[in-house]
Amino acid sequence: MEAKKNLLTYAGLKALEEEMHDLKVVRRKEVAGKIKEAREQGDLSENAEYDAAKDEQRDIEARIEEIEKILKNAEVVVEDEVDLDKINVGCTVQLFDEEFDEEIEYQIVGSTEANSLMGKISNESPVGKALIGASVGQEVEVETQMGISKYRVLGIQRS
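Being a predicted model, the structure only gives us computed values, none of them experimental.

**Q** Describe the overall build of the protein, and please don't skip the residues or the numbers.
**A** Within the protein, the secondary structure is distributed over three helices and seven strands. Listing the helices and strands of the protein from first to last along the sequence gives β-α-α-β-β-β-β-α-β-β. Taken over the C-alpha trace, the protein has a radius of gyration of 21 Å; the compact-globule value for 159 residues is 15 Å, which it surpasses by more than 25%. Referenced to the eigenvectors of the C-alpha coordinate spread, the extents of the protein come out at roughly 70 × 35 × 30 Å. In the protein, which comprises 159 residues, the proportion classed as buried is 35%. Once local pairs closer than 6 in sequence are excluded, the contacts in the protein between residues at least 24 apart make up 54%. Accessible surface, the protein: about 10200 Å² in total, of which carbon and sulfur atoms supply 48%. Averaging the coordinates of the 21 positive side-chain charges in the protein and doing the same for the 37 negative ones gives two points 6 Å apart.

Here you go:
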């Protein structure tokens, strides 16, 4: 079975690469130093600093492994090639939320980059799925847990 492709914008790819570099170069050294210090304190069986440093080391290695899997299956969306006639991954869209009578803006990204607090929604989320392929002026209905939400597409631009 082929692994699922992870859609990433160029900015998302760079952010993951920078995080990976930081984890491998900076954080690993910091934790190794903490472990060394804790070992020098003697008895490891009752050494909370040692246990905490080993936990931190395990978390760092798990995150490195996670990022490596994401990057291995990454497909970068070339934002300059994004068709601005229809919404797709890599677009920033301006919408009119009919329920709340307000304009909102979302950037459509792959699921690994999604962060609703920063206005980045996944192409796999209910709203993202409904918006993909829509064009300016089109009304889109999204079925959510709260019921049906209606949005009107006001604009599409490159992120």
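That shown, we press on.
**Q** Please give an account of the sheet that holds strand 3 (residues 91-97) that cites residues and values.
**A** Read across the sheet, five strands follow the order 5-4-3-7-6 without closing on themselves; strand pairing throughout is mixed. A strand with exactly one partner marks an edge of an open sheet, and here the two such strands are strand 5 (120-122) and strand 6 (139-144). Ignoring which end each strand starts from, the neighbouring axes of this sheet average 45° apart. Looking at chain direction, strand 6 and strand 7 (residues 147-158) are connected through six bridges and run antiparallel. Bridge assignment links Thr144 to a residue of strand 7, and that residue is Gly147.

**Q** Now, about the side chain of Glu113: what can you tell me, with residues and values included?
**A** Mapped onto the elements of the fold, Glu113 is located in the loop between strand 4 (102-109) and strand 5. No salt bridge forms around the buried Glu113; measuring N to O, its nearest opposite-charge neighbour Lys120 is 4.7 Å away. Among the polar contacts made by the side chain of Glu113, one reaches the main-chain amide nitrogen of Gly12 at a distance of 3.4 Å. Those residues in contact with Glu113 that lie beyond four places of it in its chain are Leu7, Leu8, Thr9, Gly12 and Lys120.

**Q** Provide a residue-level description of the packing of helix 1 (residues 10-40) against helix 2 (residues 48-72), including the pertinent values.
**A** Across the interface, helix 1 lies against helix 2 with an axial gap of 9 Å and an inter-helix angle of 160°. The angle between helix 1 and helix 2 falls in the class roughly antiparallel. For the pair helix 1 and helix 2, the crossing hand works out as left-handed. For the contact of helix 1 with helix 2, a count of residues per class yields 14 nonpolar, one polar and 13 charged.

**Q** Mind laying out the pattern of salt bridges, listing which residues take part and the relevant values?
**A** Inspection of the entire model under this criterion finds 13 salt bridges. Across the pair Arg63 and Glu19 runs a salt bridge whose closest N-O atoms are separated by 2.7 Å. Of this pair, Arg63 sits in helix 2 while Glu19 sits in helix 1, and the two are 44 residues apart along the sequence. Judged by relative accessible area, which is 24%, Arg63 ranks as partly exposed. Note that Lys36 and Glu40 form a salt bridge whose closest N and O atoms lie 3.7 Å from each other. One end of the pair is Lys36 and the other is Glu40, both in helix 1 and four residues apart, which spans about a single turn.

What counts, and where the lines are drawn
Residues numbered from 1 in each chain as written. Predicted model: local features only at pLDDT ≥ 70, side-chain atom pairs only at ≥ 80, totals over all residues. Heavy atoms only, no water. Helix = DSSP H or I, 4+ residues; strand = E, 2+ residues; numbered from the N terminus. Rg over C-alpha atoms; globule rule 2.2 N^0.38 Å. Buried < 20%, exposed > 50% of the residue type's maximum accessible area, 1.4 Å probe, protein only. Contact = heavy atoms within 4.5 Å. Areas by Shrake-Rupley, 256 points an atom, 1.4 Å probe, with all protein chains shown as cover. Lys, Arg positive; Asp, Glu negative; His and termini not counted. Charge placed at Lys NZ, Arg CZ, Asp CG, Glu CD. Pairing = 2+ DSSP bridges. Axes fitted to C-alpha atoms, helices over the stretch in contact; angles between N-to-C directions. Salt bridge = Lys/Arg side-chain N within 4 Å of Asp/Glu carboxyl O. Polar contact = N/O pair within 3.5 Å; in protein donor to acceptor, adjacent residues only side chain to side chain. Parallel < 35°, antiparallel > 145°, perpendicular 65-115°, else oblique. Left-handed = near helix turned anticlockwise from the far one by under 90°. Nonpolar A, V, L, I, M, F, W, Y, C, P; charged D, E, K, R; others polar.

Coordinates in, geometry out; function isn't part of it.
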